[in-house]
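Residues per chain, in single letters:
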Amino acid sequence: MPKLPPIVQTGDLVLRARAEEVPAEKIREKAFRDLVSSMITVMRKAPGVGLAAPQIGVGLRVIVLEDREELIRKISDDERLERKREAFPTRVFVNPILTRIGDEKATFFEGCLSVHGYVALVERHLEVEVTGLDEEGVAQTWRVRGWPARILQHEVDHLDGTLYIDRMRSRSFSTQEHAKALYGGKPIGEVLRIVP
Ligand code: ZN
């Protein structure tokens, strides 16, 4: 196993640039397969539910995402329902195009592996549709609601040089520890009333 790349932290300009399209013919090349496999390994090791290539210093339009039971088990059943968080298998999107569906939105605490140790409230669309290529270069479309839709919006933002801190309710920006101590276990309606 080659050495895993570190996760780039905010301030690095690779996180602020527009990542480049991946030429379709590159997708079957070993270098590209290695990139996808190291992204998945880095995401799992973190652990996280999504990763964009710029987060390991590669300015290409590639994202990986997955949500696993073992991660979801760390939150309460109430939180799981409220966030509409459900496990889904690993998905890879190359050159994704995201469309926000409808007007329904949801606000929750969100973090990023590239803004290590912090979280903030971020409003996102509840439902999105993403089209792009999979890791074999085959066209795919995924229309999804709830937490996976949030992950997709977060990861596709990375490809355009946008971080959640650009979209957050800035007064909610907290260390994970503070957020947990102040708001952990509270329904989101109550959290939204408390946040300064
Ligand atoms: Zn992120």
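Refer to the preceding data block for the structure.
A brief look at the structure comes next.

What counts, and where the lines are drawn
- Residues numbered from 1 in each chain as written.
- Predicted model: local features only at pLDDT ≥ 70, side-chain atom pairs only at ≥ 80, totals over all residues.
- Heavy atoms only, no water.
- Helix = DSSP H or I, 4+ residues; strand = E, 2+ residues; numbered from the N terminus.
- Rg over C-alpha atoms; globule rule 2.2 N^0.38 Å.
- Buried < 20%, exposed > 50% of the residue type's maximum accessible area, 1.4 Å probe, protein only.
- Contact = heavy atoms within 4.5 Å.
- Phe/Tyr/Trp six-rings, centres within 6.5 Å; stacked < 30°, edge-to-face > 60°.
- Lys NZ or Arg CZ within 6 Å of the ring centre and 35° of its normal.
- Pairing = 2+ DSSP bridges.
- Salt bridge = Lys/Arg side-chain N within 4 Å of Asp/Glu carboxyl O.
- Core = buried A, V, L, I, M, F, W, Y, C linked by side-chain atoms within 4.5 Å.
- 1 Å grid on protein atoms, 1.4 Å probe; cavity = no way out; pocket = protein on both sides within 12 Å on 5 of 7 lines; lining within 4 Å.
- Points joined across faces, edges and corners; volume = space filled by probe spheres on them.
- Donors = N, O, S within 2.8 Å, 3.2 Å for Na, K, Ca; no water.

### Considering the overall build of the protein chain
Assigned secondary structure in the protein chain consists of six helices and six strands. Listed by position from the N terminus, the elements making up the protein chain come as α-β-β-α-α-β-β-β-α-β-α-α. Here the protein chain has a C-alpha radius of gyration of 16 Å; the compact-globule value for 196 residues is 16 Å, and the two agree. Projecting the C-alpha coordinates of the protein chain onto the three principal axes gives extents of approximately 50 × 35 × 30 Å. The proportion of buried residues among the 196 residues of the protein chain is 47%. Summarising the internal contacts of the protein chain: among those between residues at least 6 apart in sequence, 68% fall at separations of at least 24.

### Side note on the packing of aromatic side chains
Under the criterion given, the structure shown has four aromatic pairs. Where phenylalanine 108 meets tryptophan 147, the ring centres are 5.8 Å apart and the plane angle is 65°; that geometry is what we call edge-to-face. Of the two residues, phenylalanine 108 is situated in strand E3 (residues 88–111) and tryptophan 147 in helix H4 (residues 147–159); the sequence distance between them amounts to 39 residues. If you follow arginine 91 out to its NZ or CZ, it ends over the ring of tryptophan 142, 4.4 Å from the centre.

### Things to note about the pairing of strand E5 (residues 139–145)
With burial as the criterion, only one face of E5 is covered, namely that bearing Gln140, Trp142 and Val144; the residues Ala139, Thr141, Arg143 and Arg145 on the opposite face remain uncovered. Sheet topology note: the strand E4 (residues 118–133)/E5 ladder contains seven bridges and is antiparallel. Along E5, the bridge assignment pairs leucine 133 with alanine 139. Remark: five residues form the turn of the hairpin made by E4 and E5, two consecutive strands paired antiparallel; glycine 137 in that turn has positive phi of roughly 90°.

### Side note on the pattern of salt bridges
Per the stated rule, a full pass over the model turns up 19 salt bridges. A salt bridge links aspartate 67 to arginine 85; its shortest N-O distance comes to 2.7 Å. Here arginine 85 lies in the loop between helix H3 (77–83) and E3 and aspartate 67 lies in strand E2 (residues 62–67), a separation of 18 residues in the sequence. Glutamate 69 serves as the salt-bridge partner of arginine 80, at 3.0 Å between the closest nitrogen and oxygen. Remark: glutamate 69 occurs in helix H2 (residues 69–72) and arginine 80 occurs in helix H3; sequence separation between them is 11 residues. In this structure arginine 80 comes out as partly exposed when scored by relative accessible area, which is 24%. Within the structure, one salt-bridge network assembled from shared partners comprises Glu110, Arg124, Arg150, Asp157 and Arg167.

### Describing the nonpolar core
In this structure, Ile63, Leu65 and Leu152 are the most contacted members of the largest nonpolar core, which totals 28 residues. Broken down by secondary-structure element, the contributors of at least two residues to this core are E2, E3, E4, E5, H4, helix H5 (176–183) and helix H6 (188–194). Setting aside chain neighbours within four positions, we find isoleucine 63 in contact with Met39, Leu51, Ala52, Arg91, Val92, Phe93, Pro96, Leu152, Glu155, Val156 and Leu159.

### A closer look at the layout of surface pockets
By volume, the largest pocket is sized at about 1300 Å³. Lining the largest pocket are 41 residues, with Arg83, Arg85, Gly111, Val119 and Gln176 positioned closest to its centre. Of all elements in the fold, only H3, E3, E4, H4, H5 and H6 reach the threshold of two or more residues within the lining of the largest pocket. Looking at the lining of the largest pocket element by element, the count peaks at six residues for H4.

### Things to note about the coordination of the zinc ion
Looking at the metal site, the zinc ion is ligated by Cys112 (SG), His154 (NE2) and His158 (NE2), spaced 2.0 to 2.3 Å from it. Considered as a linear motif, the donors of the zinc ion on their single chain read C-x41-H-x3-H. Separated by four residues within a single helix, histidine 154 and histidine 158 lie in helix H4, roughly one turn from each other. With respect to class, histidine 154 is no different from histidine 158; both count as buried.

Remember, this is a structural readout, not a statement about activity or role.
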